[in-house]
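# Notes for the structure review
Here is what each chain is made of, one letter per residue.
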2 protein chains.
Amino acid sequence: MKATIERATLLKSLSHVQSVVERRNTIPILSNVLIEAAADGTLKLMATDLDLQIVETVEAQVETAGATTVSAHTLFDIARKLPEGSQVSLSAAEGKMQVIAGRARFNLQTLPRDDFPVIAEGELPTKFELSAAILRQIIDKTRFAISTEETRYYLNGIFLHVSDEAQPVLKAAATDGHRLARVTVPRPDGAAGMPDVIVPRKCVGELRKLLDEVDGSVEVSLSATKVRFGLGSAILTSKLIDGTFPDYSRVIPIANDKLLKIDPKSFMEGVDRVATIASEKTRAVKMALERDKITLSVTSPENGTAAEEVPGDYDSDGFEIGFNARYLLDILGQIEGDTVEVHLADAAAPTLIRENDTAPALYVLMPMRV
Amino acid sequence: MKATIERATLLKSLSHVQSVVERRNTIPILSNVLIEAAADGTLKLMATDLDLQIVETVEAQVETAGATTVSAHTLFDIARKLPEGSQVSLSAAEGKMQVIAGRARFNLQTLPRDDFPVIAEGELPTKFELSAAILRQIIDKTRFAISTEETRYYLNGIFLHVSDEAQPVLKAAATDGHRLARVTVPRPDGAAGMPDVIVPRKCVGELRKLLDEVDGSVEVSLSATKVRFGLGSAILTSKLIDGTFPDYSRVIPIANDKLLKIDPKSFMEGVDRVATIASEKTRAVKMALERDKITLSVTSPENGTAAEEVPGDYDSDGFEIGFNARYLLDILGQIEGDTVEVHLADAAAPTLIRENDTAPALYVLMPMRV
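Residues numbered from 1 in each chain as written. Chains lettered and ligands numbered in written order. Predicted model: local features only at pLDDT ≥ 70, side-chain atom pairs only at ≥ 80, totals over all residues. Heavy atoms only, no water.

What follows is about the overall build of chain A. The number of helices and strands found in chain A is 6 helices and 25 strands. By its C-alpha atoms, chain A is 80 × 50 × 35 Å across when sized along the principal axes. When each of the 370 residues of chain A is scored for burial, the buried share is 55%. Expressed as a percentage of contacts within chain A between residues at least 6 apart in sequence, the contacts between residues at least 24 apart total 68%. Accessible area for chain A stands at about 16600 Å²; split by element, carbon and sulfur atoms hold 47% of it. Distance between charge centres in chain A, computed from 41 positive and 53 negative side chains, equals 5 Å. (Helix = DSSP H or I, 4+ residues; strand = E, 2+ residues; numbered from the N terminus. Buried < 20%, exposed > 50% of the residue type's maximum accessible area, 1.4 Å probe, protein only. Contact = heavy atoms within 4.5 Å. Areas by Shrake-Rupley, 256 points an atom, 1.4 Å probe, with all protein chains shown as cover. Lys, Arg positive; Asp, Glu negative; His and termini not counted. Charge placed at Lys NZ, Arg CZ, Asp CG, Glu CD.)

Here's what the structure looks like:
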């Protein structure tokens, strides 16, 4: 293999692929990036952790086609430090890959390309397109609620499923048992009849990073066990979580009769301020609702007390309810408008938060005893 | 105590003082900041770790003079989150301090001001002024060489001493046994006869942060056991390290007969690049000197090899020498001009690095076997 590529192109591709590679690997080849130069003038860079795989294809001057694998993080670090604007020559021979740019020469250890594991995609019968903007929205408004508890592996991702309501829709949901986030978007053409899938957290994270550089649309292909995202020069393929996502619709309250309408910004700032003195462990903030007056407060045995009044529209019976400040801030941070609706029932019941009844996103937050 | 202060002023002062407060304290009051409101319209904020003390005096509207102590990190976090431009009211009564700004109210736990430990400065007979720019230079060009080995506590700071050479000078030195950095500046008026002192690393760090906001000059006062830096509204007082700094002048080579003159920028970039593949443990880079040709190289059993030629002026006998890349980069990062002089003897001898023979800074680097 022998090819020449612009340093900036190599660096950008490597920044994508190295991010999939785990820092510690018991299987040595999983630390490596597969580099494949094709006679048609392309260089393919590929990395995997056996569950998630990324392939990035870029232009290069290819002198001799071929392939090899070298340490992804090392090659990325080298590319970062090479002079700006330089041309990088990559050539593989006799178990080494030579990297030359300017006056610098590297001879890197390689591992055989044939040992590099590739995720067998199999058939991906469902195929649809989703605009990058909508996919970004789906991820941003749900990922914070993904559970990190490994024992509840079926909650360690974003659940995607289609549903026929007044309109056919695609729904994305994530929950950790304390809060739930759901986004509903129109069902894209081709998504009818797709299987319910859970996209793992790591795939969501890598996808989101790639989406920062994508306009236009993303090609989504999936089966019951794999998903593939085509984003221009990058293709991300992931195994899906093999589990059953709970029937979350049952926890979305439909009969909460107390409505608070409030400015999400001042609500958020108030929660953030009083939470300063909350103990790291509980992060509990109390919300006392009275007619058009909301009082946020925190009592901490170590630090003292904090209170702040926030104006809001509320005309039901007064009561008090507690929330985890972090969870409340996560949700409020996703509200874009200048009003948020908080639908409450009582101090022990799940609370529904949404911008309004036509907003694509909806959040459910479990209260805390305070 | 009752006083009102602008949030921006409070925040800036707290950012200085909280930085002295350790995150974990076995003595509770060391987590606190002493706040003292004086009838002359000033607020004094003070923090200490028993070795280092900072006092910051700012303007405030004082209604009732008095003092109390509250958690420094908590009050800093609160000040950060208070609305921009707000006026903050601080009032202490009955074991609590109330903080009010806008609609937010905090009641913080206090500890008695009388329990707050103050470093007794004693007499500080030596007094001189040093321009902030020179003090910044002294710190920046030496602090990286301060030892972090706690057993060699006498190397855990910057050594300051005066000396009569062709001109009377003040010298600052730091070393960890592998490298030495020394800066020589003209002796300020008042520094004649000052005792040799070792300023601890933490004091150096806090002083350097404060210097970012200071123009003009800094008042330095010291005895054999304490030092005080007066920087406008802030006064930093520190105990000095009670130990003997080694006679470092003996390790500064004076007869190194091989001179390399090289562009520090391309030298640095070359070292940084080849060091990419150096093992984390040794970070060894080899430098092969030939007539006007310097070859930097690294061999790593795991990663492979790297080499880069860097042009340089050299006309002595060729030989090879190894350095710790990190140490070499630390030094080269402090060279401002477009040439650096590297005075070498042989592969085992200390190497002298300096911009030229009139530069205030001088560095000695021990080679490594490679």
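More follows now that the structure is in view.
Our next topic: the side chain of Arg354(B). Residue and element names in this part refer to chain B. Looking at the element boundaries, Arg 354 is found in strand E24 (residues 351–354). Judged by its relative accessible area of 19%, Arg 354 is buried. When near neighbours in sequence (up to four residues on either side) are disregarded, Arg 354 contacts Val 340, Glu 341, His 343, Ala 361 and Leu 362.

Next up on the list: helix H2 (residues 72–81) of chain B. Residues and elements named next belong to chain B. Counting buried positions along H2 yields 8 of 10 residues, so the element is predominantly enclosed. Taken as a whole, H2 has its buried residues at Ala 72, His 73, Thr 74, Leu 75, Phe 76, Asp 77, Ile 78 and Ala 79. Considering only its buried residues, H2 is in contact with helix H1 (7–18), strand E2 (32–38), strand E6 (66–71), strand E8 (96–101) and strand E9 (104–111).

Moving on to the domain arrangement of chain A. Residues and elements named next belong to chain A. Each assigned domain of chain A is listed here: domain 1 (2–115), domain 2 (126–250) and domain 3 (252–365). Spacing between the C-alpha centres of domain 2 and domain 3 amounts to 28 Å. Opposite the 15 residues of domain 2 that make contact, domain 3 presents 12 residues. Taken together, both faces of the contact between domain 2 and domain 3 bury some 1300 Å²; the carbon and sulfur share is 52%. In terms of surface lost to domain 3, no three residues of domain 2 exceed Lys 141, Arg 179 and Arg 182, which account for 42% of the buried area on that side. The interface formed by domain 2 and domain 3 holds 2 salt bridges in total. Of the charged contacts in the structure, one is a salt bridge between Arg 179 and Asp 330, with a shortest N-O distance of 2.9 Å. Linking domain 2 with domain 3 are 8 residue pairs in polar contact (both at pLDDT 80 or more). (Domains from an automatic or database assignment. Buried area = accessible area lost by both parts, 1.4 Å probe. Salt bridge = Lys/Arg side-chain N within 4 Å of Asp/Glu carboxyl O. Polar contact = N/O pair within 3.5 Å; in protein donor to acceptor, adjacent residues only side chain to side chain.)

This next bit is on the pairing of strand E19 (residues 284–290) of chain A. All names here are of chain A. Of all 7 residues making up E19, 5 are buried, and the element is well covered by its neighbours. Here E19 runs beside strand E22 (residues 319–324); their pairing, made up of 6 bridges, is antiparallel. Bridging across to E22, Val 285 finds its partner in Phe 323. Both E19 and strand E20 (residues 293–300) contribute to a ladder of 5 bridges, which runs antiparallel. The residue of E20 that forms the bridge with Met 287 is Leu 296. (Pairing = 2+ DSSP bridges.)

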